[in-house]
Amino acid sequence: AQSVAQPEDQVNVAEGNPLTVKCTYSVSGNPYLFWYVQYPNRGLQFLLKYITGDNLVKGSYGFEAEFNKSQTSFHLKKPSALVSDSALYFCALSYSSASKIIFGSGTRLSIRP
Amino acid sequence: DGGITQSPKYLFRKEGQNVTLSCEQNLNHDAMYWYRQDPGQGLRLIYYSQIVNDFQKGDIAEGYSVSREKKESFPLTVTSAQKNPTAFYLCASSISGSSVVYEQYFGPGTRLTVT
């Protein structure tokens, strides 16, 4: 069965420090992986996606994610965190154009000044 | 939140009443989706539609109904049969590809409270 997991409910980082939000997946076949961000009482905003090709994917707002097939991970990263990055982050997985997108449970990122 | 609108932003209903949530998109996307979001549970798929006049049940369709009469519109009705309807409801749309999975774009959501 296909699944996606975000092992951390909350991540706390000081402003200016690098941040990582973790995501692991399980799929038979090639994965399509996505990251979304949600601010309070708002819809989700698309950040980036991995379809194929380079393992390092760059996205919006300075975020990037590294696809690691051997570790079945797709961690979201940013070199220098901003207080405005504080939000709820979702990793999502699909495996074909005919399949649904499965969302992780979300990780709350808190950046302290 | 792109070209997807959901209305109203907040909705209050008495138990036993049906309620319809609106979702409209001007992105010319073929596919549309409805999700329910509860605290700590991520997003769960209620219904989705890949094309006008066709839709499929998602993981938690019981107590909900949809229609897709126009490409731009995908309203969701929360019926009185839905046992726990209080939640944040999100509508999304995407390009419908035959060989590629496209990202979904989300509306701002409707927070439904049933008492």
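This text goes with the structure placed above it.
Reading the values: rules and limits
- Once a new chain begins, its residue numbering starts again from 1 and follows that chain's sequence as written.
- Chain letters and ligand numbers both follow the written order, the letters beginning at A and the numbers at 1.
- Per-residue local features are limited, in this predicted model, to residues with pLDDT of at least 70; the limit for side-chain atom pairs, both in listing and counting, is 80 or more; totals at the level of whole chains, interfaces and linings are taken over all residues.
- Note: side-chain values were computed over all heavy atoms of the structure, leaving out hydrogens and water.
- We call two residues in contact whenever any of their non-hydrogen atoms come within 4.5 Å of each other.
- Accessible area that two parts lose when put together, evaluated with a 1.4 Å probe and summed over both, is termed the buried area.
- By salt bridge we mean one thing: a side-chain nitrogen of Lys or Arg within 4 Å of a carboxyl oxygen of Asp or Glu.
- Polar contacts here mean pairs of N or O atoms no more than 3.5 Å apart (in protein, one a potential hydrogen donor and the other a potential acceptor; neighbouring residues in sequence count only if both atoms are side-chain atoms).
- Under the scheme used here, helices are H or I runs from DSSP no shorter than 4 residues and strands are E runs no shorter than 2 residues, and both carry numbers assigned from the N terminus.
- Any residue that is not Ala, Val, Leu, Ile, Met, Phe, Trp, Tyr, Cys, Pro, Asp, Glu, Lys or Arg is counted as polar, Gly included; the first ten are nonpolar and the last four charged.
- Only Phe, Tyr and Trp rings are paired, with Trp represented by its six-membered ring, and only when their centres lie within 6.5 Å; those with planes under 30 degrees apart are stacked, over 60 edge-to-face, the remainder tilted.
- For every residue, the accessible area (1.4 Å probe, protein chains only) is compared with the maximum for its type, and the residue is labelled buried under 20%, exposed over 50%, or partly exposed between those bounds.
- By the criterion adopted, a ring carries a charge over it if an Arg CZ or a Lys NZ lies within 6 Å of its centre and within 35 degrees of its normal.

So, about the interface of chain B and chain A. Every contact between the two is made by 26 residues of chain B and, on the other side, 21 residues of chain A. A buried area of about 1900 Å², summed over both sides, lies between chain B and chain A, and 53% of it is on carbon and sulfur atoms. Here chain B is connected to chain A by two salt bridges. In this structure, E103 of chain B and K49 of chain A form a salt bridge, with 2.7 Å as the shortest nitrogen-oxygen distance. Linking chain B with chain A are six residue pairs in polar contact (both at pLDDT 80 or more), by the criterion used here. For the side of chain B that touches chain A, the secondary-structure elements that each account for two or more residues are β4 (31-37), β5 (43-51) and β9 (87-94) of chain B. Tallying contributions element by element places β5 of chain B first for the side of chain B that touches chain A, with four residues. Split by residue class, the side of chain B that touches chain A holds 12 nonpolar, nine polar and five charged.

So, about the packing of aromatic side chains. For the structure on display, the rule yields 16 aromatic pairs over all chains. Seen in terms of ring centroids, Y50 of chain A and F67 of chain A are 4.0 Å apart; in terms of plane orientation they differ by 15°. Their pairing is stacked. Pair noted here: Y50 of chain A is in strand β6 (residues 44-50) and F67 of chain A is in strand β8 (residues 64-68), with a separation of 17 residues, a long-range link. Judged by its relative accessible area of 7%, Y50 of chain A is buried. Note on Y47 of chain B and F55 of chain B: the rings are 5.9 Å apart at their centroids and 80° apart in plane angle, and the pair reads as edge-to-face. Exposure remark for Y47 of chain B: the relative accessible area of 7% places this residue in the buried category. Here the aromatic cluster, defined as three or more aromatic residues joined through ring pairs, consists of F34, Y36, F46 and F103 of chain A together with Y33, Y35, Y48, Y105 and F106 of chain B. One Lys or Arg, K78 of chain A, reaches over the ring of F63 of chain A and ends 5.0 Å from the middle of that ring.

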